[in-house]
Amino acid sequence: MARARSVYRCTDCGADHSKWSGRCSACGAWNTLAEELVAPASASKRARATEGALAVPAVRLGEVTGSESHRWRTGLDEFDFVLGGGIVPGAMVLVGGEPGIGKSTLLLQVAARLDNAGHRTLYVSGEESPLQVNSS
Ligand SMILES: [Zn+2]
């Protein structure tokens with residue numbers, strides 16, 4: 001396992017330096033370099049981290065065209081409203097709340113409505129048994 005290495009980061013401008021110095025060479029501030037330990041990422045870890053990422057080139061804002069993605073409306077008006085008009089395909093949404101408040105019931109309704117609308121739906125639960133999900 002590779003050892004953690006140190007970087008010296010300027011607390012003023014955030015510039016990283018490989019060696020400590022009394023003065024930040026980026027912004028010229030004195031006594032602002034603080035040591036930080038950086039866990040080394042192995043080559044394979046780095047490769048894995050970029051594997052799933054899409055190679056999307058940077059685009060100037062002035063060159064952006066098209067319209068907002070089509071959204072899937074569930075027909076549950078408040079749910080659609082909270083999501084800005086429906087679910088954006090490919091988006092991930094975290095639904096939080098107190099235990100027993102009805103998150104699972106709501107999401108089962110969402111899944112059922114999307115399924116009825118012809119969207120292929122998979123309900124995954126890490127907490128409830130299939131029997132509990134079925135009786136919701
Ligand atoms: Zn600096």
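Here, the structure is the one placed above.
Residues numbered from 1 in each chain as written. Predicted model: local features only at pLDDT ≥ 70, side-chain atom pairs only at ≥ 80, totals over all residues. Heavy atoms only, no water.

A.B. asks: Quick question: what am I supposed to make of the overall build of the protein here?
C.D. replies: Per the secondary structure count, the protein includes 4 helices and 3 strands. Its helices and strands in sequence order give the protein the pattern β-β-β-α-α-α-α, from N to C terminus. Every one of the 136 residues in the protein was classed for burial, and the buried ones make up 18%. In the protein, the proportion of contacts linking residues at least 24 apart, taken out of those at least 6 apart, comes to 34%. (Helix = DSSP H or I, 4+ residues; strand = E, 2+ residues; numbered from the N terminus. Buried < 20%, exposed > 50% of the residue type's maximum accessible area, 1.4 Å probe, protein only. Contact = heavy atoms within 4.5 Å.)

A.B. asks: Sorry, what's going on with the coordination of the zinc ion here?
C.D. replies: Note on metal geometry: ideal angles are 109.5 degrees for four donors arranged tetrahedrally and 90 or 180 degrees for six donors arranged octahedrally. For the zinc ion, the full set of protein donor atoms is Cys10 (SG), Cys13 (SG), Cys24 (SG) and Cys27 (SG), at a range of 2.3 Å. Around the zinc ion, the 4 donor atoms sit at angles spanning 107 to 114°, and that spread fits a shape best called tetrahedral. For Cys10, a relative accessible area of 3% gives the class buried. In this structure Cys13 comes out as partly exposed when scored by relative accessible area, which is 39%. (Donors = N, O, S within 2.8 Å, 3.2 Å for Na, K, Ca; no water. Tetrahedral: all angles 85-135°; square planar, octahedral: opposite > 155°, others 65-115°.)

A.B. asks: What should I look at first to understand the nonpolar core in this one?
C.D. replies: Within soluble globular proteins, side chains that are nonpolar generally end up buried alongside one another. Judged by nonpolar contacts, Leu76, Phe79, Leu83, Ile87, Val110 and Leu114 together constitute the single largest core of 6 residues. Once residues within four sequence positions are removed from consideration, Leu114 is found in contact with Trp72, Arg73, Thr74, Ile87, His119 and Thr121. (Core = buried A, V, L, I, M, F, W, Y, C linked by side-chain atoms within 4.5 Å.)

A.B. asks: Explanation requested: the sheet that holds strand β2 (residues 16-17) in the structure shown.
C.D. replies: Backbone hydrogen bonds are what pair the strands of a sheet, in a parallel or an antiparallel way. Reading across from one edge, β2-β1-β3 is the order of the 3 strands in this open sheet, with antiparallel pairing throughout. Whereas interior strands pair on both sides, the edge strands pair on one side only; in this sheet they are β2 and β3 (33-38). Pairing of strand β1 (residues 5-10) with β2, which is carried by 2 bridges, proceeds in the antiparallel orientation. The residue bridging Tyr8 from the neighbouring strand is His17, located in β2. (Pairing = 2+ DSSP bridges.)

A.B. asks: Even after reading the chapter, I still don't get the pattern of salt bridges, so can you show me in this structure?
C.D. replies: A side chain of one charge can pair with a side chain of the opposite charge when the charged atoms of the two come close. A complete count under the given rule lists 2 salt bridges for this structure. For Arg9, the salt bridge goes to Asp16, with nearest N and O atoms at 2.5 Å. By relative accessible area, which is 27% here, Arg9 ends up partly exposed. Given a relative accessible area of 44%, Asp16 falls into the partly exposed group. Note that Glu36 and Arg9 form a salt bridge whose closest N and O atoms lie 2.8 Å from each other. Within this pair, whereas Glu36 is found in strand β3, its partner Arg9 is found in strand β1, the two being separated by 27 residues in sequence. Residue class for Glu36 comes out partly exposed when judged on its relative accessible area of 33%. If you follow the salt bridges from partner to partner, you end up with Arg9, Asp16 and Glu36 in one network. (Salt bridge = Lys/Arg side-chain N within 4 Å of Asp/Glu carboxyl O.)

A.B. asks: Sorry if this is basic, but what is going on with a nonpolar patch on the surface here?
C.D. replies: Among the surface-exposed residues, Val59, Leu61 and Val64 lie close enough to one another that they form a single nonpolar patch of about 330 Å² accessible area. On the basis of relative accessible area, Leu61 is assigned to the exposed category, the value being 78%. (Patch = residues over 30% accessible without salt bridge, like charges linked within 9 Å, V, L, I, M, F, W, Y side chains within 5 Å. Areas by Shrake-Rupley, 256 points an atom, 1.4 Å probe, with all protein chains shown as cover.)

A.B. asks: Would you take a moment to explain the layout of surface pockets for this structure?
C.D. replies: One simple way to see leftover space: roll a probe sized like a water molecule over the atoms. If you add up the space inside the largest pocket, you get close to 990 Å³. Along its surface, the largest pocket is lined by 32 residues, and Val93, Val95, Leu107, Tyr123 and Val124 are the ones closest to its centre. The greatest single-element share of the lining of the largest pocket, amounting to 7 residues, is contributed by helix α3 (residues 103-116). Classifying every residue of the lining of the largest pocket by side-chain character gives 20 nonpolar, 8 polar and 4 charged. (1 Å grid on protein atoms, 1.4 Å probe; cavity = no way out; pocket = protein on both sides within 12 Å on 5 of 7 lines; lining within 4 Å. Points joined across faces, edges and corners; volume = space filled by probe spheres on them. Nonpolar A, V, L, I, M, F, W, Y, C, P; charged D, E, K, R; others polar.)

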